[in-house]
Amino acid sequence: MNIETLKPTFRGPILTPGSAEYEASRVIWNAMIDRTPAAIARCTGPADVKAAIRFAADQNIYPAIRGGGHNAAGLAMLDGGLVIDVSPMKGIFVDAANRTATAQTGLTWGEFDRETALYGLATTGGLISTTGVAGLTLGGGVGWLMGRCGLVCDNTLAYDIVLASGELIRVNANEHPDLFWALKGGGGNFGVVTSITYRMYPITTVISGMILHPRAHAREVMRFYRDFVMSGLPDELIVYASAFCTPDGNPVIALIPAWCGDISEGERILEPLRKFGSPIADLVATMPYPAMQQMLDAAAPYGMRSYWKSRFLRDLPDDAIDTFVRYAETSTSPRSLAILENGHGAVSRVAAEATPFPARSAAFDLVLISLWADPQEDKRHIDWTRAFYAAMEPWSAGVVYVNALDQDDVARVPEAYGANYARLSTVKAIYDPENRFRRNNNIQPRPQSAT
């Protein structure tokens, strides 16, 4: 790779080993990922992206694409190759009158929310504010507002994308509708997205926080949680449950509600949740929406070693709860999280084939996130995560959220898309037939018919 041939057409810095900012620029969220690219091209705008992609084609290399760098599998980095880094691209334009926001793909959700909150607007945007907007959106995007607003991808109106050919195009329901469909959950398989236009909602103040119960009461709390969320919640309410340890090492089971409707109505609906059992702490409060987006940041900070396993569950009978609690009680790290997410409302009213994201009717999403600091402990924590995941298999819905796949989950990519995989593969063959963009949860281009 002759990086010198890129420099005349590239405005941003191109970092190589020894450059002043190189070491900092190759650090991503998961500290298990320690890769050394030959070059990191830090894009200042779409023209730089276009130049970098044309360079990759000329050199016949397959670049990694970095946005927020939050992906557990470390897809943003590679050894010995080119990283096209869009993280410096942080422009955003909010059209308050039409309730839309157009954001460049270097933004994190915290940065996005800070700007849109000025106009009293929000949209579904994940759970951790340091996550990049691009990766979350392109993988579908679950979040606190999904009951009322749908997934992140359900609220995308347009994309600007640089294709493998180096062409910059605008994609929406009328222009390149096949690609528009594929970008609503199909990941970074089709090019480098430089900006996304989102539908926004008038959401400013929410009710959220954690209700902490002692781990000794986990089974009763989890059964209450299951019955509460399956009783028919309003769209404005999403409730998660999680097993973890507090900062002082106290093992707890937490109920985490997120209400985004009328505040007085929310207080009434949340009353049974807050009155159940004997919680050791009730941290639920009224807060600005951006504060809710940031409340879990400390639980999943940059710089920890991490390993994930995830699967959607079709239901949560008592046996499944017993298994969940049993493994949570044997957690090998006090930083690890076992989470159950429940999706309903607007998410479930979208047809499974309307976007690449097919898991519209699964009752729960199990997300296991192991976090630790010492590399000598890798095997112990990974083994626990895998055992927990395997034990929950009897209740599997047979589908996984693509954004939750880790490094050893390559074979599960078709599982993330189900019946939609074949259509995605066809679109991939049209827009990236040589699979230039393969440093991702990769969709193989489907060979075209000779007819």
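Report follows, based on the coordinates. Source: prediction; values computed, not measured. (Residues numbered from 1 in each chain as written. Predicted model: local features only at pLDDT ≥ 70, side-chain atom pairs only at ≥ 80, totals over all residues. Heavy atoms only, no water.)

Another point: the overall build of the protein chain. From N to C terminus, the protein chain includes 13 helices and 18 strands. Over its C-alpha trace the protein chain gives a radius of gyration of 22 Å, about what one expects of a compact globule, namely 22 Å for 451 residues. Put simply, the protein chain has 451 residues, and 59% of those count as buried. Working note: accessible area of the protein chain is about 17,100 Å², and carbon and sulfur atoms make up 53% of it. Of note, the protein chain has its 40 positive side-chain charges centred 3 Å away from the centre of its 47 negative side-chain charges. (Helix = DSSP H or I, 4+ residues; strand = E, 2+ residues; numbered from the N terminus. Rg over C-alpha atoms; globule rule 2.2 N^0.38 Å. Buried < 20%, exposed > 50% of the residue type's maximum accessible area, 1.4 Å probe, protein only. Areas by Shrake-Rupley, 256 points an atom, 1.4 Å probe, with all protein chains shown as cover. Lys, Arg positive; Asp, Glu negative; His and termini not counted. Charge placed at Lys NZ, Arg CZ, Asp CG, Glu CD.)

With that settled, consider helix α7 (residues 218–229). Over its twelve residues, α7 runs 16 Å from end to end, which matches the ideal 16 Å to within 8%, given 1.5 Å per residue. Inspection of α7 places A218, V221, M222, F224, Y225, R226, F228 and V229 among the buried residues, and these make up the whole buried set. (Expected span 1.5 Å × (residues − 1).)

Within the element layout of this structure, L233 appears in the loop between α7 and β12 (237–245). The spatial distance from the C-alpha of L233 to the C-alpha of G277 is 20 Å, given a sequence separation of 44 residues. Leaving out residues up to four positions away in the same chain, L233 has contacts with F228, V239 and H344. (Contact = heavy atoms within 4.5 Å.)

Attention shifts here to the pattern of salt bridges. Summed over the entire model, instances satisfying the criterion amount to 28 salt bridges. The shortest N-O distance in the salt bridge between K379 and D383 comes to 2.6 Å. Linking K379 with D383, this pair stays in helix α11 (residues 378–391), spanning four residues, or about one helical turn. The exposure class assigned to K379 is exposed, which follows from its relative accessible area of 60%. Classification of D383 by relative accessible area gives partly exposed; the value is 32%. Two residues, R436 and E434, come together in a salt bridge whose shortest N-O distance is 3.1 Å. Each member of the salt-bridge network shares a partner with another, and the members are R219, R223, R226, D227, D318, D322 and E329. (Salt bridge = Lys/Arg side-chain N within 4 Å of Asp/Glu carboxyl O.)

Further remarks concern the layout of surface pockets. Considering only enclosed or pocket space, the second largest pocket measures out at about 330 Å³ in volume. For the second largest pocket, the lining is made up of 18 residues, of which L75, V410, R438, R439 and N440 are closest to its centre. Split by residue class, the lining of the second largest pocket holds eight nonpolar, six polar and four charged. (1 Å grid on protein atoms, 1.4 Å probe; cavity = no way out; pocket = protein on both sides within 12 Å on 5 of 7 lines; lining within 4 Å. Points joined across faces, edges and corners; volume = space filled by probe spheres on them. Nonpolar A, V, L, I, M, F, W, Y, C, P; charged D, E, K, R; others polar.)

Our next topic: the sheet that holds strand β9 (residues 192–199). Pairing within the open sheet is antiparallel, and its five strands lie in the order β5-β6-β9-β7-β8. With one partner strand each, in any of the chains shown, β5 (92–95) and β8 (168–172) form the two edges of the open sheet. Strand-to-strand twist of the sheet, defined as the mean angle between neighbouring strand axes without regard to direction, takes the value 15°. For β5 and strand β6 (residues 100–104), the ladder comprises four bridges, and the chain directions are antiparallel. (Pairing = 2+ DSSP bridges. Axes fitted to C-alpha atoms, helices over the stretch in contact; angles between N-to-C directions.)

Now for the sheet that holds strand β1 (residues 14–15). Spatially, four strands are ordered β1-β2-β4-β3 in an open sheet, and the strand pairing comes out mixed. In the strand order of this sheet, the two ends are held by β1 and β3 (64–66), each with one partner. Relative to strand β2 (residues 39–42), β1 is paired through two bridges, and the arrangement is antiparallel. Residue pairing across strands places L15 opposite I40, the latter belonging to β2.

A few words now on the packing of helix α10 (residues 318–328) against α11. One way to put it is that α10 packs onto α11 with a least axis distance of 10 Å and a crossing angle of 170°. It follows from the interaxial angle that α10 and α11 lie roughly antiparallel. Only W384, A387, F388 and A391 of α11 make contact with α10, whose side of the interface consists of T323, F324, Y327 and A328. When the residues that make up the contact of α10 with α11 are grouped by side-chain class, the tally is seven nonpolar, one polar and no charged. (Parallel < 35°, antiparallel > 145°, perpendicular 65-115°, else oblique.)

Before going further, it helps to examine the nonpolar core. Of all hydrophobic cores here, the largest spans 82 residues; its most connected members are W144, I161, L179, L183, F190 and Y198. By residue number, the principal contributor to this core is helix α6 (residues 177–183), which donates five residues. When neighbours within four sequence positions are excluded, L179 is seen to be in contact with I161, L163, I169, V171, F190, V427 and Y431. Counting residues in hydrophobic clusters, the runner-up holds 39 residues, among them V229, I321, F364 and W384. (Core = buried A, V, L, I, M, F, W, Y, C linked by side-chain atoms within 4.5 Å.)

Where a strand is regular, its side chains alternate between the two sheet faces. Here β12 lies mainly inside the structure; eight of its nine residues are buried. Of the pairings in the sheet, the one linking β12 to strand β13 (residues 251–259) comprises nine bridges and is antiparallel in character. From the neighbouring strand, A241 faces β13, where its bridge partner is L255. Joining the antiparallel neighbours β12 and β13 is a turn of five residues, in which G249 adopts a positive phi near 90°. Where β12 and strand β17 (residues 337–341) come together, three bridges link them in antiparallel fashion. Looking across to β17, one finds that S242 is bridged to I339.

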